Amino acid sequence: MRDMTFGQYFPGNSFLHKLDPRMKLVLTLLFIVLVFLPQNWWGVLLTVVFLATVVALSRLPVKMLFKSVRPVLFLVLFTALLNVLYVHEGTPLWRWGFLHVTTGGLNNAAFIAVRIVCLILGSSLLTYTTTPTALTDGIERLLAPLKLVKVNPHELAMMMTIALRFIPTLMEETDKIMAAQKARGADMESGGLLRRVKALVPILIPLFVSSFRRAYDLAMAMECRCYQGGQGRTRMKQLRTTRLDWVALSAYLLVLAGLIVLNILL
C-alpha cells in the first residue's frame, strides 16, 4: 500500500514541470503509442533512452518512480512467464509435457516486460509533474469539442481529476484500517484462499463507509463555496503553449521517426 504513488504530485521546477498540461496529456497518449511501436530490440533501446532522458529532465527521485512499478510487478512477471511457457518459437531450451521454453519465448517475455515497465513509468510522469488543478484545466480544454454533442467537459475533467487525487488517500486509508484490524488480532495472512477473502470483509466495509463519508464532505464543501460547475468560471492561471512545449513535441517526433526507420531497416 505504501508503494502506491499513482496520482501524487511532486513539486519541482524542471523542464517537465514547466510544460503546458495539455501538451503533457497529448505527449503521454503519444508515448503509449510509442511504447508499442518498436518491433526489435534497437527500437526498444531507443524508447528506453528517450524515457531515461525525460526522467532525468523531470528531476524526480528515481526511487520514487520505481515505486510506481512495484505494485504491478506481479502482473509484469506473470505476463512474462506466460510468454516464456507458451511461445514456442526459436531454439528449444527445456520441455516438460506441454510446457516449452525456447529462445523466442524468453525474448518475447523480456520484450513485453520492458514495454510494460516503460508504459507505467511514462504514464506516472504525468501526475508526478502536474498539479491536480492544472490537470483538470488541461483535460477540460482537450475535451472542449464534446460541447458539440452536449457533453459537459468540465464535469468529466473534474470527476477524472478527483478520482486521481483520491487514489493515494484511499490507499493510505486502507493501510490504516489494516493496521487497526491487525492490532485487534485480525489474521489476514494465514489460512486458505476462502479464509483470506473473508478476512478482507472487516477492511472493505470501513473503507466503503469512509469513502462515502469523504465524498459527502467534499460535495458539502463544494456546495458551501457556491460551486456551480464550469459555467462562467474564471481561472487564475491561463494555459499557454510556449517554446518548451514545441521543443518537447519535436523531440517526440524525432524519436518516432527513428523508430519507424529502425522498424523498416531491421
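Our structure's up above, just so we're on the same page.
How each quantity is defined
Chains are numbered independently. Their residues run from 1 in the order of the written sequence. Local features in a predicted model are, by the rule used here, given only for residues with pLDDT of at least 70; side-chain atom pairs are given and counted only at 80 or more, and totals for whole chains, interfaces and linings are based on all residues. Hydrogen atoms and water are omitted, and side-chain values are computed over all heavy atoms in the structure. A run of H or I in DSSP counts as a helix once it spans at least four residues, and a run of E counts as a strand once it spans at least two, with each numbered from the N terminus. Exposure classes here rest on a 1.4 Å probe applied to the protein chains alone. A residue is buried below 20% of its type maximum, exposed above 50%, and partly exposed in between. Contact definition: two residues touch when any of their heavy atoms are within 4.5 Å. Accessible areas in this description were obtained via Shrake-Rupley with a 1.4 Å probe; residue shielding takes into account the shown protein chains only. Note that His is not counted, nor are the chain ends; the positive residues are Lys and Arg, and the negative ones are Asp and Glu. Charge positions are represented by NZ for Lys, CZ for Arg, CG for Asp and CD for Glu. Angles shown run from 0 to 180 degrees and are taken between the N-to-C directions of axes, each axis being a line fitted to C-alpha atoms and, for helices, limited to the stretch in contact. Should an angle fall under 35 degrees it is called roughly parallel, over 145 degrees roughly antiparallel, and 65 to 115 degrees roughly perpendicular, with every other angle called oblique. Left-handed describes a crossing in which the near helix is turned anticlockwise from the far one by less than a right angle; the clockwise case is right-handed. Gly falls in the polar group here, along with every residue not listed as nonpolar (Ala, Val, Leu, Ile, Met, Phe, Trp, Tyr, Cys, Pro) or charged (Asp, Glu, Lys, Arg). If DSSP finds at least two bridges between two strands, the strands pair. Polar contact criterion, stated in full: a pair of N or O atoms within 3.5 Å, where within protein one must be able to donate a hydrogen and the other to accept it, and residues adjacent in sequence count only if both atoms are side-chain atoms. Each pair of aromatic rings taken from Phe, Tyr and Trp, with Trp reduced to its six-membered ring, is defined by centres within 6.5 Å and is described as stacked if the planes are under 30 degrees apart, edge-to-face if over 60, and tilted in the remaining cases. Should a side-chain nitrogen of Lys or Arg be within 4 Å of a carboxyl oxygen of Asp or Glu, the pair is scored as a salt bridge.

**Side note on the overall build of the chain**
The helix and strand tally for the chain stands at ten helices and two strands. N-terminal to C-terminal, the α/β element order of the chain is α-α-α-α-β-β-α-α-α-α-α-α. Once the C-alpha set of the chain is aligned to its principal axes, its extents read approximately 70 × 60 × 40 Å. Scored against the burial criterion, the 266 residues of the chain give a buried share of 34%. Sequence separation of at least 24 residues holds for 73% of the intrachain contacts in the chain that already meet a minimum separation of 6. A total accessible area of about 16,900 Å² is found for the chain, and carbon and sulfur atoms account for 68% of it. The averaged location of the 14 negative side-chain charges in the chain is 4 Å from the averaged location of its 28 positive side-chain charges.

**Some points on the packing of helix 7 (residues 153-183) against helix 9 (residues 201-224)**
Angle between the axes and distance between the axes are the two parameters that describe a pair of packed helices. Their axes nearest at 10 Å, the elements helix 7 and helix 9 cross at an angle of 140°. Put simply, helix 7 runs oblique to helix 9. Every pair of crossing elements has a handedness; the one defined by helix 7 and helix 9 is right-handed. Only Pro202, Ile203, Pro206, Leu207, Ser210, Ser211, Arg214 and Leu218 of helix 9 make contact with helix 7, whose side of the interface consists of Ile162, Phe166, Thr169, Leu170, Glu173, Thr174, Ile177, Met178 and Gln181. For the contact of helix 7 with helix 9, the class distribution of residues is ten nonpolar, five polar and two charged.

**Digging into the pairing of strand 2 (residues 99-102)**
Where burial is concerned, the two faces of strand 2 agree: the one with Leu99 and Val101 and the one with His100 and Thr102 are both buried. Direction of pairing for strand 1 (residues 92-96) relative to strand 2: antiparallel, over a ladder of four bridges. The residue bridging Trp94 from the neighbouring strand is Val101, located in strand 2.

**Some words on the environment of Ala199**
Inspection of the secondary structure assignment puts Ala199 in helix 8 (residues 193-199). With 61 residues separating them along the chain, Ala199 and Gly138 place their C-alpha atoms 41 Å apart.

**Remarks on the side chain of Thr129**
Within the secondary structure, Thr129 is located in the loop between helix 5 (103-128) and helix 6 (132-142). Among the polar contacts listed, one links the side chain of Thr129 to the backbone oxygen of Leu125, at a separation of 2.7 Å. Excluding anything up to four places from it in sequence, Thr129 contacts Tyr9, Leu16, His17, Lys24, Ser58 and Leu60.

**Quick notes on the packing of aromatic side chains**
Overall, the coordinates contain three aromatic pairs when judged by the stated rule. Both rings, one in Phe31 and one in Phe50, keep their centres 6.4 Å apart while their planes meet at 35°; by these two values the pair is tilted. In this pair, Phe31 sits in helix 1 (residues 21-35) while Phe50 sits in helix 2 (residues 41-58), placing the two residues 19 residues apart along the sequence. Each member of the pair Phe31 and Phe50 is classed as buried. When the centroid spacing of 5.3 Å and the interplanar angle of 85° are considered together, the rings of Trp41 and Phe111 count as edge-to-face. With Trp41 in helix 2 and Phe111 in helix 5, this residue pair connects regions lying 70 residues apart in the sequence. Among the residues examined, Phe111 registers a relative accessible area of 9% and is labelled buried.

**Some thoughts on the pattern of salt bridges**
Tallied over the full model, the rule gives three salt bridges. For Glu172, the salt bridge identified is with Lys176, shortest N-O distance 3.7 Å. On the criterion of helical spacing, the pair formed by Glu172 and Lys176 is a turn pair, its members being four residues apart in helix 7. By relative accessible area, Glu172 is classed as partly exposed at 47%.

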